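Observations on the model geometry
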Amino acid sequence: MNISLRLLSVLLCVCVATLCRADEFADLVVKLNGDSFSEKTEAVGGLHRLDDKRVLPVLKAMQDGNLFVVAEAGQIVIGKESGEGYEVQSVLDNSPLGVRTKSQLEKIKINNGLRRELRSLVAGLELSAKDPDIRRQSAINLIKNPDESLRESVESALGGEKNQAIKSLLHVALASIDINSTDTVKRKAAVAILADAVQPEAVAMLEKVAAKDPSGHYLEADTELASTAEAALIRIQTQLGIYKFIENCFFGISLGSVLLLAAIGLAITFGVMGVINMAHGEMIMLGAYTTFAIQQLFPQWLEMSIIIAIPAAFLVSGAVGVLIERTIIRHLYGRPLETLLATFGVSLVLQQAVRSFRANNVAVITPEWMSGMWQINGALSFTFNRMYIILFSLAVLALLAFLLRKTYMGLQMRAVTQNRAMANSMGIRSGWVDALTFGLGSGIAGIAGVALSQITNVGPNMGQQYIIDSFMVVVFGGVGNLMGTFFAALSLGVVNKFLEPFAGAVLGKIIVLVFIILFIQWRPRGLFALKGRFVED
Amino acid sequence: MNESLKSLLKKTSLALTISAFSLSAAMAQAADTIKVGVLHSLSGTMAISETTLKDTVLMMIDEQNAKGGLLGKKLEAVVVDPASNWPLFAEKAKQLLEKDKVDVIFGCWTSVSRKSALPVIEEKNGLLFYPVQYEGEESSKNVFYTGAAPNQQAIPAVDYLMKNEKVMRWVLEGTDYVYPRTTNKILEAYLKSKGVKAEDISINYTPFGHSDWQTRVAEIKKFGSAGKKTAVVSTINGDANVPFYKELANAGVKAEDIPVVAFSVGEEELAGFDTKPLVGHLAAWNYFMSAKDPANSAFIAQWKKYIKNEKRTTNDPMEATYIGFKMWAKAVTQAGTTKVDDVRDAMNGISVPNLTGGIAVMNTNHHLTKPVLIGEIQENGQFEIVWQTPGGVIGDAWTDFLPDSANVVADWTAPIKCGNFNIKTGKCSGQNYK
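Residues numbered from 1 in each chain as written. Chains lettered and ligands numbered in written order. Predicted model: local features only at pLDDT ≥ 70, side-chain atom pairs only at ≥ 80, totals over all residues.

1. Some details on the pairing of strand 15 (residues 383–388) of chain B
All names here are of chain B. In the sheet, strand 14 (residues 373–377) pairs with strand 15 via five bridges, with the strands oriented antiparallel. By the bridge assignment for strand 15, Ile 374 is matched with Trp 387. Between strand 14 and the antiparallel strand that follows it, strand 15, lie five residues; Gly 381 among them carries a positive phi value of about 80°. (Pairing = 2+ DSSP bridges. Helix = DSSP H or I, 4+ residues; strand = E, 2+ residues; numbered from the N terminus.)

2. Side note on the confidence of the model for chain B
Residue and element names in this part refer to chain B. Scored by pLDDT, chain B comes out at a mean of 88, with 92% of its residues at no less than 70. Ranking the elements of chain B by mean pLDDT puts helix 1 (residues 2–30) last, at 50, and strand 4 (residues 128–130) first, at 97. Counting interchain partners and residues more than four positions distant, the pLDDT-below-50 stretch residues 20–30 has zero contacts. Interface confidence for the predicted complex, given as ipTM, is 0.82, next to a pTM of 0.83. (pLDDT = per-residue confidence, 0-100. Contact = placed C-beta atoms within 7 Å.)

3. Brief notes about helix 18 (residues 462–477) of chain A
All names here are of chain A. For helix 18, spanning 16 residues, the distance from its first C-alpha to its last is 23 Å, which sits close to the expected 22 Å at 1.5 Å a residue. Within helix 18, 12 of the 16 residues are buried, which leaves the element mostly enclosed by the surrounding structure. Buried within helix 18 we find Met 462, Gly 463, Gln 465, Tyr 466, Ile 467, Asp 469, Ser 470, Val 473, Val 474, Val 475, Phe 476 and Gly 477. Each element contacted by the buried residues of helix 18 is listed here: helix 10 (223–272), helix 11 (280–297), helix 13 (336–356) and helix 19 (482–522). Immediately downstream of helix 18, the backbone of Gly 478 shows phi near 110°, a positive value. (Expected span 1.5 Å × (residues − 1). Buried ≥ 20, exposed ≤ 12 C-beta atoms within 10 Å, placed from the backbone.)

4. Structural notes on helix 12 (residues 340–347) of chain B
Residue and element names in this part refer to chain B. Looking only at helix 12, the buried set comprises Val 343, Ala 346 and Met 347. Relative to the axis of helix 12, the buried residues are bounded by an arc of 105° and lie together on one face. Buried residues along helix 12 sit against strand 5 (143–145), helix 11 (316–335) and strand 12 (359–362). Just beyond helix 12, the residue with positive phi is Gly 349, at close to 75°. (Arc of directions from axis to C-beta.)

5. Concerning the interface of chain A and chain B
The interface of chain A with chain B comprises 44 residues on the first partner and 43 residues on the second. For the side of chain A that touches chain B, the secondary structure elements donating two or more residues are helix 4 (112–126), helix 9 (200–209), helix 10, helix 13 and helix 19 of chain A. The greatest single-element share of the side of chain A that touches chain B, amounting to seven residues, is contributed by helix 19 of chain A. Split by residue class, the side of chain A that touches chain B holds 13 nonpolar, 19 polar and 12 charged. (Nonpolar A, V, L, I, M, F, W, Y, C, P; charged D, E, K, R; others polar.)

As structure tokens, this is what we get:
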């Protein structure tokens with residue numbers, strides 16, 4: 001009897017405990033939809049303290065904005081987008097509840113403070129995830145918001161981690177927690193680890209330890225620690241200086257490649273044919289809008305849309321170019337002023353046409369493989385879209401050079417532009433060649449538009465932003481010379497990016513312009529002047 | 001030859017007679033209508049933003065006419081296109097007031113366009129409703145400012161970041177022209193008055209249409225990793241915003257780490273972004289499309305029906321246009337006339353419901369009382385309202401945070417009757433405070 005009573009009470013206890021736990025989870029989940037953000041934050045903290053497998057998916061869904069309340073039932077669910085609505089499942093037992101429309105669900109609001117909290121909590125829970133990318137990201141997130149309460153999970157994750165790169169990130173994460181502890185041994189070890197890190201967060205922590213008051217004494221009580229930190233900082237600063245230089249070079253080359261792309265079509269229409277085409281920028285714009293159109297027409301091929309858009313944009317802009325050449329420019333050869341005015345008119349017409357379609361600023365989506373960055377180390381990273389654009393611009397340049405130098409069509413183009421009468425008498429239909437050359441230049445501008453749609457806005461005015469820069473590059477590089485355009489674009493890009501940190505963007509641009517004006521005074525034909533009889537015409 | 005000349009003459013005279021008839025008919029009709037001038041750019045760079053406001057005014061006119069017009073007369077819109085060309089704003093304003101004899105003008109977006117039209121409107125004693133947030137430091141007898149003054153947008157936004165996000169370090173990033181420069185001057189003075197040190201404020205300007213943000217974003221990242229919570233206050237204008245946010249997204253600057261609060265990015269601008277990587281970045285306005293209020297839902301439905309496009313958004317300057325129009329209509333009804341002087345007197349203290357569930361009041365300094373909302377960008381291109389002022393904030397024409405204008409007030413009722421009255425010297429200086 002006694003035993004059975006005891007057994008009963010134990011059973012009861014267990015029952016109550018599990019019931020309590022289940023209830024606690026359910027209670028806290030309901031509180032996630034509280035009235036104030038502080039109430040939600042509290043509930044999130046409470047959930048995190050529970051040892052329950054269901055917590056991580058809930059917190060993650062909340063962080064990603066996938067946690068909803070079903071309008072009439074008040075039930076809290078995790079949603080997954082599917083077509084027009086959401087496929088939802090209960091947070092309590094993960095049972096699927098079918099598809100709900102957007103109007104049936106109300107998203108649980110979070111703000112930045114809550115998002116930050118969720119990020120470090122989820123990072124702590126995901127330190128032992130299977131996917132190394134998730135573990136890496138979790139470690140980085142922990143460095144950003146060191147949290148004393150997560151120390152244990154970092155330590156245990158460190159024990160099990162095999163990946164060296166993640167391991168060193170975890171060490172930094174641990175050190176950034178320990179540096180604020182009261183234990184001198186721990187702090188010393190933390191400074192030693194941070195001294196080898198280049199993350200800006202780590203540098204900031206060392207700076208805090210090595211901070212001095214105006215009279216030159218360390219603010220830190222442990223002066224030995226402070227001087228170690230200071231010595232480490234001096235070393236890190238030189239290292240960071242080198243990274244800064246590499247980064248500036250990359251920025252410059254990247255800006256240069258954008259300039260090259262924008263100018264390369266003009267190098268043909270203006271450089272080779274001598275037509276001052278003020279509508280060049282609008283050809284870029286048409287290319288960018290083609291990208292948008294492709295994304296709208298084939299939403300299922302979003303990842304590939306950029307690749308499909310390249311030939312499409314070439315055809316669209318090229319066709320418009322041929323049309324402009326046949327209808328307007330053809331009648332104006334040898335009259336540069338009229339050509340300038342007529343093409344300027346064309347550019348205004350094209351801009352307003354886009355506005356009339358109400359296709360103002362449109363959102364061109366960046367495919368997954370072009371987003372994000374390549375993190376080389378804590379201090380140095382290159383964005384993917386910029387890297388692809390650099391490679392792309394070089395490819396376009398190489399292809400164009402091949403076309404002009406090595407193909408029969410290129411030969412005809414060069415022949416017509418160098419001596420029209422002679423080319424005519426050799427049996428070349430110069431009218432057709434003119435149209436094709438102009439079409440080629442415009443088509444390349446269209447391709448540039450595809451690339452530019454990935455880094456800037458696509459709107460009716462986008463062409464105007466590039467027209468001046470394009471002329472600048474072509475004139476600076478030497479009219480009629482592809483290599484000149486290449487070097488001019490790259491050098492202007494690099495110079496601009498090295499000036500910007502000191503002079504600011506506005507003054508930097510002015511300095512570059514003044515430099516080009518002076519340079520053109522000195523060498524009116526640009527960097528790489530063409531030589532030969534036909535130059536004088 | 002002779003025959004054809006004769007027939008040509010005949011035709012011309014016929015055409016002339018017909019046009020004379022129709023002209024007189026038009027004039028006869030004109031006497032029976034109230035003319036509403038619309039001075040918004042329909043072409044050029046500003047067309048993107050301003051065409052929407054033109055459509056809003058036309059929609060409001062249609063609605064008013066469906067209710068029987070005003071004072072028993074129908075309203076008639078006179079739309080002109082100043083083509084984003086600032087001097088043309090003055091010319092078109094003159095045309096509206098002299099030739100078309102409009103009773104009221106709704107128009108302008110940029111400050112420079114307003115400053116251009118202002119002398120004409122004051123000289124001809126016209127009436128302008130200006131619906132866009134601006135840098136303040138102005139109050140004209142002939143203008144009603146229904147957009148936000150700096151204390152209705154910039155200052156509450158900074159307060160929010162300071163209080164809720166514990167921001168201690170500030171990057172003031174702007175396009176190089178008058179609105180960002182004045183706003184940043186005010187913000188700098190305000191932040192310093194709150195104890196922020198000079199080394200914790202970084203102010204930077206970039207040219208119009210700046211498209212290469214790599215250096216600036218790298219520098220913001222660096223400035224923000226000094227161990228103190230950092231935020232960016234952006235007065236970047238128009239086209240430069242998209243490349244800026246794209247660079248932020250690619251460089252991994254998350255709202256959790258360095259939030260960006262913008263004063264010129266609304267729903268219409270977000271339509272040009274892929275907002276997924278930008279969730280959590282902020283904007284401060286007096287209206288968001290996502291505001292939950294029956295009046296707002298009705299307005300959105302009316303707008304989508306009028307423009308025949310389910311995907312069109314509404315934004316803050318549209319609400320300001322809505323409030324301005326409703327106030328003008330109410331003032332005309334109260335005054336019983338469209339005469340500018342009478343309508344202006346009736347405007348003082350007039351109130352209409354706004355679209356976010358409160359009441360907008362026109363103050364005697366010609367600025368509105370309205371609530372300030374802070375919204376976070378969502379994946380769907382909308383803003384989620386995360387904070388709002390408990391009541392309305394009275395628009396302050398002259399900021400209290402610049403020493404030059406701290407002593408200046410605007411009050412268009414007796415006894416002051418002045419747009420820039422210096423309370424220290426007791427004098428009313430000219431329109432432009434120097």
